[in-house]
Protein chains: 2
Amino acid sequence: DICNRLMDEPTAQCLSGLKVLISAGPTREPLDPVRYITNRSSGKMGYALANAALKAGAKVTLVSGPVTLSAPDNAELISVETAAQMHAAVIAKAAEHDIYIGAAAVADYSPALMEKEKIKKQAEQTTLTLQKTRDILAEVAQLANRPFTVGFAAETHDLEQYAQDKLTRKNLDMIAANWVGRDLGGFDSEQNALLVFWKNGQKSLAMTDKNHLAEQLISLIVERMEYERRHKNTA
Amino acid sequence: DICNRLMDEPTAQCLSGLKVLISAGPTREPLDPVRYITNRSSGKMGYALANAALKAGAKVTLVSGPVTLSAPDNAELISVETAAQMHAAVIAKAAEHDIYIGAAAVADYSPALMEKEKIKKQAEQTTLTLQKTRDILAEVAQLANRPFTVGFAAETHDLEQYAQDKLTRKNLDMIAANWVGRDLGGFDSEQNALLVFWKNGQKSLAMTDKNHLAEQLISLIVERMEYERRHKNTA
């Protein structure tokens with residue numbers, strides 16, 4: 001376990017020479033010039049991962065939706081608003097990075113039509129047509145020169161089942177799953193707990209503050225990458 | 001013009017003894033435990049009005065949607081999230097106030113159904129059924145013991161026409177109209193300009209910072225209230 005030192009000695013540079021791409025925060029999908037659909041993601045987990053990766057010696061690119069957090073000074077920050085903008089930014093950058101961590105809460109659907117002028121209130125009921133957005137994680141995992149690809153799953157029910165399914169279906173290297181809509185942890189909270197899955201294993205990271213959790217997840221990513229590298233070389 | 005002193009002498013207590021109710025910020029209309037519809041309101045105009053009213057000697061109640069601003073220490077703050085919660089809070093408090101300023105950007109529509117669990121991504125397209133929310137301003141203006149009722153109109157086109165129509169249709173005492181989605185002013189900006197209308201008059205308040213603009217609007221409200229009081233007494 002080459003990176004466990006990270007927790008005790010923050011100077012252990014176990015990501016030295018590697019480039020890490022992290023997407024963080026929510027996206028906003030406009031209905032018109034003033035209204036939009038979004039979600040409760042604060043961006044805290046993604047920003048904590050960026051800080052942990054920098055601490056471990058990586059060069060970090062952070063693609064961020066609208067959040068109230070300050071980006072780490074040493075990261076390259078790319079600010080986006082919509083799922084389409086986040087998709088474009090991540091796909092453009094992914095192949096030149098060694099690790100991609102998709103920690104953003106990207107909208108699954110966005111309004112099929114963005115009205116140019118503010119929609120006026122009329123009928124008692126109305127319907128909004130929503131169009132599926134592009135799947136950033138799955139597309140990164142399909143790139144010829146793909147990075148080690150880590151996804152997140154935030155669920156209100158059947159967490160392990162959804163996470164395992166997402167890992168396989170999207171061909172990810174790792175997925176970090178957490179509960180949302182509960183008292184402790186999840187979106188807009190300082191704390192979180194993660195259930196991390198990879199092809200033939202899993203690890204539970206107990207409830208703690210997101211900075212500490214991020215260091216543990218970075219450590220686990222390095223451990224799995226190292227294992228896969230050794231495995232490839234001896235295969 | 002009894003309140004013009006306010007701009008030069010902030011100690012002029014032209015709202016002394018009066019109670020002012022202000023609603024501010026956006027609302028969030030949940031689709032499920034993590035997703036919601038909202039708008040670009042920052043709450044700055046409403047919070048600036050609360051500060052100006054306090055400065056003019058009023059007792060202030062501030063009903064606020066989720067914003068990143070700090071509420072003035074001397075205001076009574078009621079924090080809400082949805083249009084329904086804002087409606088309940090304002091209607092419960094309105095009749096005991098002398099002035100109501102509806103500066104919040106309340107959602108006109110909210111999802112007809114709030115899903116208890118996170119909606120899973122499936123079809124390429126989907127539709128969302130939206131239900132009209134209750135009209136807080138119009139309901140306040142219909143109260144038996146109604147306060148002096150001031151609305152806002154934020155529009156991307158036909159500003160004056162919409163504002164005049166809203167003033168009459170909702171039976172308001174005054175409406176403050178501003179452009180949104182333009183380069184300068186409007187939502188999430190430090191500055192704004194207002195076109196203010198009442199039954200037989202109007203006044204244009206030029207582009208300036210929201211704190212200064214709020215003091216001018218408070219001054220205008222006091223002037224119109226005073227005029228109406230005198231008019232009633234001599235009628």
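Further up the page is the structure itself.
Only a predicted model underlies this, so the values are computations on that prediction, with no experimental measurement involved.

Draft legend 1. A look at the overall build of chain A. Across its full length, chain A carries 6 helices and 12 strands. In terms of overall size, chain A behaves like a compact globule, its C-alpha atoms giving a radius of gyration of 18 Å where 235 residues would be expected to give roughly 18 Å. Overall, chain A is about 65 × 40 × 35 Å in size when its C-alpha atoms are taken along their principal axes. The proportion of buried residues among the 235 residues of chain A is 53%. In chain A, the share of contacts with a sequence separation of at least 24, taken over all contacts with a separation of at least 6, comes to 61%. Accessible surface for chain A amounts to roughly 10900 Å². Of this, 46% is attributable to carbon and sulfur atoms. For chain A, the centre of its 27 positive side-chain charges and the centre of its 29 negative side-chain charges are spaced 3 Å apart.

Draft legend 2. Molecular detail of the sheet that holds strand β12 (residues 201-209) of chain A. Residues and elements named next belong to chain A. Spatially, β5-β4-β1-β6-β9-β10-β11-β12 is the arrangement adopted by the 8 strands of the open sheet, whose pairing is mixed. Where the open sheet ends on each side, the last strands, each with one partner, are β5 (76-79) and β12. With strand direction ignored, the average angle separating the axes of adjacent strands in the sheet is 15 degrees. Summarising the sheet, strand β1 (residues 19-24) and strand β6 (residues 99-102) pair through 4 bridges and their orientation is parallel. In the sheet register, Ser23 faces β6, and the bridge partner there is Gly102. In the packing of helix α2 (residues 44-55) onto the sheet, contacts are made with β1, β4 (59-64), β5, β6, β9 (148-155) and β11 (191-198), and the angle to β4 comes to roughly 170 degrees. Contacting β1, β4, β5 and β6, helix α3 (residues 83-94) runs over the sheet at an angle of about 170 degrees to β1.

Draft legend 3. Fine view of the relation of the copies chain B and chain A. Expressed as a screw transformation, the operator carrying chain B onto chain A has a rotation angle of 180 degrees and an axial translation of 0.0 Å, and the superposed copies differ by an RMSD of 0.0 Å. Taken together, these values place the two copies in the relation of a two-fold axis. Of every C-alpha in chain B, the one belonging to Ile37 of chain B sits nearest the axis of rotation, 2.2 Å from it. The fraction of interface residues of chain B whose copies in chain A are also interface residues reaches 100%, indicating that both copies meet through the same surface.

Draft legend 4. Up close: the interface of chain B and chain A. Each partner contributes to the interface: chain B provides 38 residues, whereas chain A provides 38 residues. Between chain B and chain A, the buried area comes to about 4100 Å², and carbon and sulfur atoms account for 48% of it. Residues Glu81 of chain A and Arg40 of chain B are paired through a salt bridge, measuring 2.7 Å at the closest nitrogen-oxygen approach. For the side of chain B that touches chain A, the secondary structure elements donating two or more residues are β3 (35-39), β8 (125-132) and β9 (148-155) of chain B.

Draft legend 5. Here's a closer look at the sheet that holds strand β4 (residues 59-64) of chain B. All names here are of chain B. In space, the 8 strands of this open sheet follow the order β5-β4-β1-β6-β9-β10-β11-β12, with mixed pairing throughout. The open sheet is flanked by β5 (76-79) and β12 (201-209), the only strands paired with a single partner. Taking each pair of neighbouring strands and ignoring which way they run, the sheet shows an average axis angle of 15 degrees. Against the sheet, helix α2 (residues 44-55) touches β1 (19-24), β4, β5, β6 (99-102), β9 and β11 (191-198), its axis set at about 170 degrees to β4. Sheet strands touched by helix α5 (residues 159-169): β9, β10 (174-179), β11 and β12. Its angle to β10, the strand with the most contacts, is close to 155 degrees.

Draft legend 6. Structural detail: the side chain of His97 of chain B. With respect to the secondary-structure elements, His97 of chain B resides in the loop between α3 (83-94) and β6. His97 of chain B has contacts with Lys19, Val20, Leu21, Thr61 and Pro147 of chain B, leaving out every residue within four places of it along the chain.

Draft legend 7. Quick peek at α3 of chain A. Residues and elements named next belong to chain A. Compared with an ideal rise of 1.5 Å per residue, which puts 12 residues at 16 Å, α3 spans 16 Å between its outermost C-alpha atoms and is within 8% of the ideal. Looking only at α3, the buried set comprises Ala83, Met86, His87, Ala89, Val90 and Ala94. Against β1, β2 (29-30), β4, β5, β6 and α4 (136-141) lie the buried residues of α3.

Draft legend 8. The arrangement of the environment of Asn200 of chain B in detail. Within the secondary structure layout, Asn200 of chain B lies in the loop between β11 and β12. Considered as a pair, Asn200 of chain B and Gln85 of chain B are 115 residues apart in the sequence and their alpha carbons are 34 Å apart.

Draft legend 9. Looking closely at the packing of aromatic side chains. Under the criterion given, the structure shown has 0 aromatic pairs over all chains. In this structure, Arg224 of chain B packs its charged tip against the face of Tyr227 of chain B, placed 4.5 Å from the ring centre.

Draft legend 10. Spatial organisation of the nonpolar core. Grouped together as the largest cluster of nonpolar side chains are 37 residues, with contacts concentrated most on Leu49 and Ile101 of chain B. Among the secondary structure elements, those contributing two or more residues to this core are β1, α2, β4, β6, β9, β10, β11 and α6 (210-234) of chain B. For this core, the leading source of residues is α2 of chain B, giving 8 residues. Membership of the second largest hydrophobic core comes to 36 residues, among which are Cys14, Ile22, Ala24 and Leu49 of chain A.

Draft legend 11. Geometry of the pairing of β10 of chain B. All names here are of chain B. Along β10, 5 of the 6 residues are buried, which leaves the element largely enclosed by surrounding structure. As defined by bridge partners, β9 adjoins β10 across 6 bridges and the pair is classed as parallel. By the bridge assignment for β10, Glu155 is matched with Trp179. At this point the chain moves from β9, through α5, to the parallel β10, and the crossover so formed is right-handed.

Draft legend 12. The pattern of salt bridges, seen in detail. Under the definition given, this model contains 24 salt bridges over all chains. With a closest N to O distance of 3.8 Å, Glu96 of chain A and Lys19 of chain A form a salt bridge. Remark: Lys19 of chain A occurs in strand β1 and Glu96 of chain A occurs in the loop between α3 and β6; sequence separation between them is 77 residues. Judged by relative accessible area, which is 27%, Lys19 of chain A ranks as partly exposed. Glu139 of chain A is paired through a salt bridge with Arg134 of chain A; the nearest N and O atoms lie 3.2 Å apart. Each member of the salt-bridge network shares a partner with another, and the members are Asp32 and Arg35 of chain A together with Asp108 of chain B.

About the criteria used
Residues numbered from 1 in each chain as written. Chains lettered and ligands numbered in written order. Predicted model: local features only at pLDDT ≥ 70, side-chain atom pairs only at ≥ 80, totals over all residues. Heavy atoms only, no water. Helix = DSSP H or I, 4+ residues; strand = E, 2+ residues; numbered from the N terminus. Rg over C-alpha atoms; globule rule 2.2 N^0.38 Å. Buried < 20%, exposed > 50% of the residue type's maximum accessible area, 1.4 Å probe, protein only. Contact = heavy atoms within 4.5 Å. Areas by Shrake-Rupley, 256 points an atom, 1.4 Å probe, with all protein chains shown as cover. Lys, Arg positive; Asp, Glu negative; His and termini not counted. Charge placed at Lys NZ, Arg CZ, Asp CG, Glu CD. Pairing = 2+ DSSP bridges. Axes fitted to C-alpha atoms, helices over the stretch in contact; angles between N-to-C directions. Least-squares fit on C-alpha atoms with pLDDT ≥ 70 in both. Buried area = accessible area lost by both parts, 1.4 Å probe. Salt bridge = Lys/Arg side-chain N within 4 Å of Asp/Glu carboxyl O. Expected span 1.5 Å × (residues − 1). Phe/Tyr/Trp six-rings, centres within 6.5 Å; stacked < 30°, edge-to-face > 60°. Lys NZ or Arg CZ within 6 Å of the ring centre and 35° of its normal. Core = buried A, V, L, I, M, F, W, Y, C linked by side-chain atoms within 4.5 Å. Right-handed = clockwise from strand over helix to strand, strands pointing away.

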